[in-house]
Amino acid sequence: DLLALHKLNTLHLHLTDDQGWRMPVDAYPRLTTVGGRRARSQRGPDGPGRTQFDATPHEGAYTKAELRGLVRYAAERGITVVPEIEMPGHVRAALAAYPELGNHPERRLEVWDRWGVCETILGVHEEVFAFCRAVLEEVMDIFPSPYIHIGGEECPTSEWESSPAARERAAAEGLANPAALHGWFMGRIGAFLVEHGRTPVGWAVSGTELPLDFAVMAWRDASHARAAARRGHRVVAAYHRTTYLDYVQSEASFEPMAQPGDPVTLRTVHDYEPAPAEWSREERARVLGTQAQLWTEYVRTPAEIEYLSYPRLCALADRSWSGGRGDWPGFVERLRHHTARLDALGVPYRPLDARSPAATTYASPSSGTARPLS
Ligand code: ACM
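Residues numbered from 1 in each chain as written. Predicted model: local features only at pLDDT ≥ 70, side-chain atom pairs only at ≥ 80, totals over all residues. Heavy atoms only, no water.

### Brief notes about the packing of helix α7 (residues 164-172) against helix α8 (residues 181-195)
So, step 1. Running from N to C, α7 and α8 cross one another at 70 degrees; their axes reach a closest spacing of 11 Å. Here α7 is positioned roughly perpendicular relative to α8, judged by the angle of their axes. Judged by residue contacts, Ala 166, Arg 169 and Ala 170 of α7 engage Leu 181, Trp 184 and Arg 188 from α8.
So, step 2. Here the contact of α7 with α8 is composed, by residue class, of four nonpolar, no polar and two charged. (Axes fitted to C-alpha atoms, helices over the stretch in contact; angles between N-to-C directions. Helix = DSSP H or I, 4+ residues; strand = E, 2+ residues; numbered from the N terminus. Parallel < 35°, antiparallel > 145°, perpendicular 65-115°, else oblique. Contact = heavy atoms within 4.5 Å. Nonpolar A, V, L, I, M, F, W, Y, C, P; charged D, E, K, R; others polar.)

If you want it as structure tokens, here you go:
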């Protein structure tokens, strides 16, 4: 409902990662029964001292009926739900459920309970491709989205480099080295999605490494969106320093615990130009749009999600639909009226003039303004 209110037309649902697998797959039931549960979770960022953990199991997965219901509810409001299944990295939860999909089939792994980039990745034997195809067939059955996201980023290749089977596979495929298996892997799965009439989407590693039929989500470096567009990709501009809402909104000490890094302020989000005027017309035309990301390692409550999202998502919507240079004073003036709508809807947004913890509602389960996320 809030996306529709802000005329945002896409919900990108990140369904799998090292720390959990959240969509049931009939062909591989252990993905959710085993991969959907971790015994404990890292608490706070990695520091110079010892990493802290809670002692609370964290588990859960959607049902297929819930996901279909979400797709339908969104469609009625003009919103497409784009699902993401990560591969060949960010798969530790899948490997905990099915160790035979990894590079060390004999190794037993737990669903990861830390944050960051995990070394364990999928193997490159044919059973792995059968797995990816079977999972994606069930994904396509639930999600009519023209775009299917298959992740692809933060995939250390050390396991392939030290695996005789992976090295043999790289040689047999005529690849220069085992690291080149990454592009080969993404290309194979991308081609499978294209055969099924869908467009594959990947997180850009450099902006220029994926086959051209991939739409590219450029997040890591501000230059990657243009590099991808110049090469001929369709691009979603999602530079992390301007669109990642898991960073704090200000330096104030009362902000909730967040991804370490400088603040991404309301102004930063509003200033972001997904397709700047100095790009060529062809490059600009390839930008599908922009999007905000909210990773939830540090988020404790649904109210906190909304505190992080609003009003920064209002800024993203304003900029995405206005194009050109942003009208910041005009936006702030309009936002002062728009917050009346957020108030009426009970959205625990970050107040525009937040100066003290008393002004924030994000961590107060008893505030009465937070609604559970469905
Ligand atoms: C990402 O932030 N791992 C895309």
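Following the structure, the description resumes.
### A word on the packing of aromatic side chains
So, step 1. Considering all chains together, one arrives at 10 aromatic pairs under this definition.
So, step 2. Aromatic side chains Trp 21 and Phe 131 sit 6.2 Å apart centroid to centroid with 55 degrees between the ring planes, which places their arrangement in the tilted category. Here Trp 21 is found in strand β3 (residues 20-21), whereas its partner Phe 131 is found in helix α5 (residues 126-142), with 110 residues between them in sequence.
So, step 3. We classify Phe 131 as buried; its relative accessible area is 3%.
So, step 4. Summarising the aromatic geometry, the rings of Phe 129 and Trp 184 are spaced 5.3 Å apart at their centres and angled 80 degrees between planes, so their arrangement reads as edge-to-face. Of the two residues, Phe 129 sits in helix α5 while Trp 184 sits in helix α8, which places them 55 residues apart along the sequence. A single burial state applies to Phe 129 and to Trp 184, both of which are buried. (Phe/Tyr/Trp six-rings, centres within 6.5 Å; stacked < 30°, edge-to-face > 60°. Buried < 20%, exposed > 50% of the residue type's maximum accessible area, 1.4 Å probe, protein only.)

### Quick notes on the layout of surface pockets
So, step 1. A volume near 300 Å³ is recorded for the second largest pocket.
So, step 2. Elements supplying a minimum of two residues to the lining of the second largest pocket: α14 (312-322) and α15 (328-345).
So, step 3. Ranked by the residues each element gives to the lining of the second largest pocket, the list is headed by α15, at six residues.
So, step 4. Classifying every residue of the lining of the second largest pocket gives six nonpolar, four polar and four charged. (1 Å grid on protein atoms, 1.4 Å probe; cavity = no way out; pocket = protein on both sides within 12 Å on 5 of 7 lines; lining within 4 Å. Points joined across faces, edges and corners; volume = space filled by probe spheres on them.)

### Quick word on the sheet that holds strand β11 (residues 215-218)
So, step 1. Overall, parallel pairing links the seven strands, which are arranged β1-β8-β9-β10-β11-β12-β13 in an open sheet. Two strands lie at the open edges of the sheet, namely β1 (10-14) and β13 (287-290), each paired on one side alone. On average, each strand axis in the sheet is inclined to that of its neighbour by 25 degrees, with strand direction left out of account.
So, step 2. Taken together, the two bridges between strand β8 (residues 80-87) and strand β9 (residues 147-151) define a ladder with parallel strand orientation. Residue pairing across strands places Met 87 opposite Gly 151, the latter belonging to β9. (Pairing = 2+ DSSP bridges.)

### Regarding empty space enclosed by the protein
So, step 1. Taken as a whole, this structure holds one cavity of 30 Å³ or more when the rule is applied.
So, step 2. Within this model, the largest cavity holds a volume of roughly 30 Å³.
So, step 3. Forming the walls of the largest cavity are Leu 95, Pro 99, Gly 102, Asn 103, His 104, Arg 107 and Leu 109.
So, step 4. Residues belonging to the lining of the largest cavity are distributed by class as follows: three nonpolar, three polar and one charged.

### Things to note about the pattern of salt bridges
So, step 1. Applying the stated criterion across every chain yields a total of 19 salt bridges.
So, step 2. Between Asp 113 and Arg 40 there is a salt bridge; the shortest N-O distance is 2.8 Å. Taken as a pair, Asp 113 in the loop between α4 (92-97) and α5 and Arg 40 in the loop between β4 (37-38) and β5 (42-43) lie far apart in primary sequence, 73 residues in all.
So, step 3. The exposure class of Asp 113 is buried, given its relative accessible area of 18%.
So, step 4. Note on Arg 40: relative accessible area 33%, which makes it partly exposed.
So, step 5. For the salt bridge of Asp 271 with Arg 267, the shortest nitrogen-to-oxygen distance reads 3.3 Å. Here Asp 271 pairs with Arg 267, and both are found in helix α11 (residues 266-271), just four residues apart, close to one helical turn.
So, step 6. One salt-bridge network, held together by shared partners, links Glu 126, Arg 169, Glu 173 and Arg 188. (Salt bridge = Lys/Arg side-chain N within 4 Å of Asp/Glu carboxyl O.)

### A look at the packing of helix α3 (residues 64-76) against α5
So, step 1. Two elements in contact, α3 and α5, have axes whose closest approach is 9 Å; the angle formed by their N-to-C orientations is 45 degrees. Put simply, α3 runs oblique to α5. Along its contact with α3, which presents Lys 64, Leu 67, Arg 68 and Val 71, the element α5 presents Glu 138, Asp 141 and Ile 142.

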